[in-house]
Every structure is written in C-alpha cells, then in structure tokens.
Amino acid sequence: MRSCVPVVRLEDICALLDGLGCRYTLHQNDEDYFSYLKNDEVSVEIPNPYTERTMFIDFQDEISLFFGEDWHCHYSPDEECFHELCKTIRGIMSNELCSVGKFSGEGRQFGGCLGAKSNECKRFGEYFAVPVSRLIEEYSEAWADEDENIEVRFKFWNPKFDKTVKIEKK
C-alpha cells in the first residue's frame, strides 16, 4: 500500500504498533467507511482491547491521529513531528495521556485537547498535554459564570481511568 505520506512512515507506525503488541488493520478507500481516502491513502485502525474506543491513524497529505471521538491532531511526516506522533501514541496506550472533550449543556462539542494523567505538563511538539487535575480547576474557574452547564470528558485507552466532570453554572 502507498500513501501520500512517505511509505516509510507507515512502516514505522506498523513497527511501533507491533512493538507495543497491538492488533491493527490497514484500510484503503475500497471499503465504505474509508471512502473518504484517496487511492493512495491509508488508514490504520487500532482496536482497543478494553472498550470499543478505537484509535485511527490516517496517512493522507499529513498524518492524523484520532482518539476518543472528542480529539484528533495532525502531524507532518517530518522527523520531529513524527517523533511526537509516536510519543503521543505510546502515551495514550500507556494511559499517561487522554483525550479531552468539552461539551455545552446541549451536548455540542466546543473544544478538545490532550490531557496528562500525571501532575506535570507533557510537551508534544508545539502542543502540551495539561494535567487532568489542572484542566478541571481551570475549566471550573473559566466556565462557572457561563449561561449553561459544561461537561468535560477525559477518555483514556483503558476506560477505568475515564472521568467526566460537570461544571454547573452559578
């Protein structure tokens, strides 16, 4: 299979996933769900052994990592960004990182980011994974005066670490 992103990057991701003991499937646009892909693009589907929360890595003009329905990020295939992608994948699968989705009272998503389980910020290229405890504190302060309730969902690879926080309006 070929991709717009250099094929060596796909091979590197497959080697990383093999090293982590992950099952994965490669998909192209000949399948209905993946019809958004062009002929030379590939999506890597990584089923989660704990839940139906699947990770996807799309190899298109850039590499896109999707996790937790509420978060995704785009990476260029250059060496530095690709290294950060691999760190992020390892961090998610080791439950050190989680997806963070912010939702209005009506369930409309209005933001997402990457969270860290530890109490330290983790740098990933130009992005930071902010500790979950700090995000809860910051969001509570920032949105307590809003007109509606806010819900923040922290989703880990292993759902036993998941957390949902409701921020009630004053």
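Attention in this report is confined to the structure presented alongside it.

The rules behind these values
- Residues numbered from 1 in each chain as written.
- Predicted model: local features only at pLDDT ≥ 70, side-chain atom pairs only at ≥ 80, totals over all residues.
- Heavy atoms only, no water.
- Helix = DSSP H or I, 4+ residues; strand = E, 2+ residues; numbered from the N terminus.
- Polar contact = N/O pair within 3.5 Å; in protein donor to acceptor, adjacent residues only side chain to side chain.
- Contact = heavy atoms within 4.5 Å.
- Pairing = 2+ DSSP bridges.
- Axes fitted to C-alpha atoms, helices over the stretch in contact; angles between N-to-C directions.
- Core = buried A, V, L, I, M, F, W, Y, C linked by side-chain atoms within 4.5 Å.
- Buried < 20%, exposed > 50% of the residue type's maximum accessible area, 1.4 Å probe, protein only.
- Salt bridge = Lys/Arg side-chain N within 4 Å of Asp/Glu carboxyl O.

Attention now goes to the side chain of H27. Along the chain, H27 falls in strand 1 (residues 25-27). A polar contact is formed between the side chain of H27 and the side chain of E45, at a distance of 2.6 Å. Those residues within four positions of H27 in sequence are excluded, and the remaining contacts are F34, L37, E41, V42, S43 and E45.

Quick look at the sheet that holds strand 1 now. Taking strand neighbours across the sheet as the criterion, the five strands line up as 1-2-3-4-5 in an open arrangement whose pairing is antiparallel. The two strands at the open ends of the sheet, each matched to only one other strand, are strand 1 and strand 5 (71-75). Direction aside, the axes of adjacent strands within the sheet are offset by 20° on average. Pairing geometry for strand 1 and strand 2 (residues 42-46), over three bridges, is antiparallel. The residue bridging H27 from the neighbouring strand is S43, located in strand 2.

Within the largest apolar cluster, 29 residues are counted, with the highest numbers of intra-cluster contacts made by I13, I46, M55, I57, L65 and I89. Elements that contribute at least two residues to this core include exactly helix 1 (7-19), strand 2, strand 3 (55-59), strand 4 (63-67), strand 5, helix 2 (79-93) and strand 7 (109-116). Not counting residues within four places of it along the chain, the set of residues in contact with I13 comprises I57, F59, F82, L85, C86 and I89. Counting residues in hydrophobic clusters, the runner-up holds 13 residues, among them V130, V132, I150 and I167.

The two faces of a sheet get side chains in turn, since along a regular strand they alternate between them. Only one face of strand 5 is buried: it carries W71, C73 and Y75, and the other face, with H72 and H74, is open. Judged from the five bridges that link them, strand 4 and strand 5 form a sheet pairing that is antiparallel. Bridging from a neighbouring strand, F67 pairs with W71 of strand 5. Connecting strand 4 to the antiparallel partner strand 5 that follows it, the hairpin turn spans three residues, and G68 within it adopts a positive phi of roughly 75°.

It is worth spelling out the pairing of strand 2 at this point. Most of strand 2 is tucked away, with four of its five residues classed as buried. Relative to strand 3, strand 2 runs antiparallel, the two sharing five bridges. Within strand 3, the residue paired with E45 across the bridge is F56.

Take the pattern of salt bridges next. Overall, the coordinates contain seven salt bridges when judged by the stated rule. Across the pair D70 and K155 runs a salt bridge, and its minimum N-O distance is 3.5 Å. Here D70 is found in the loop between strand 4 and strand 5, whereas its partner K155 is found in strand 10 (residues 150-155), with 85 residues between them in sequence. In terms of burial, D70 and K155 fall into one category: buried. Each of R9, D12 and E79 takes part in a single network of salt bridges with overlapping partners.

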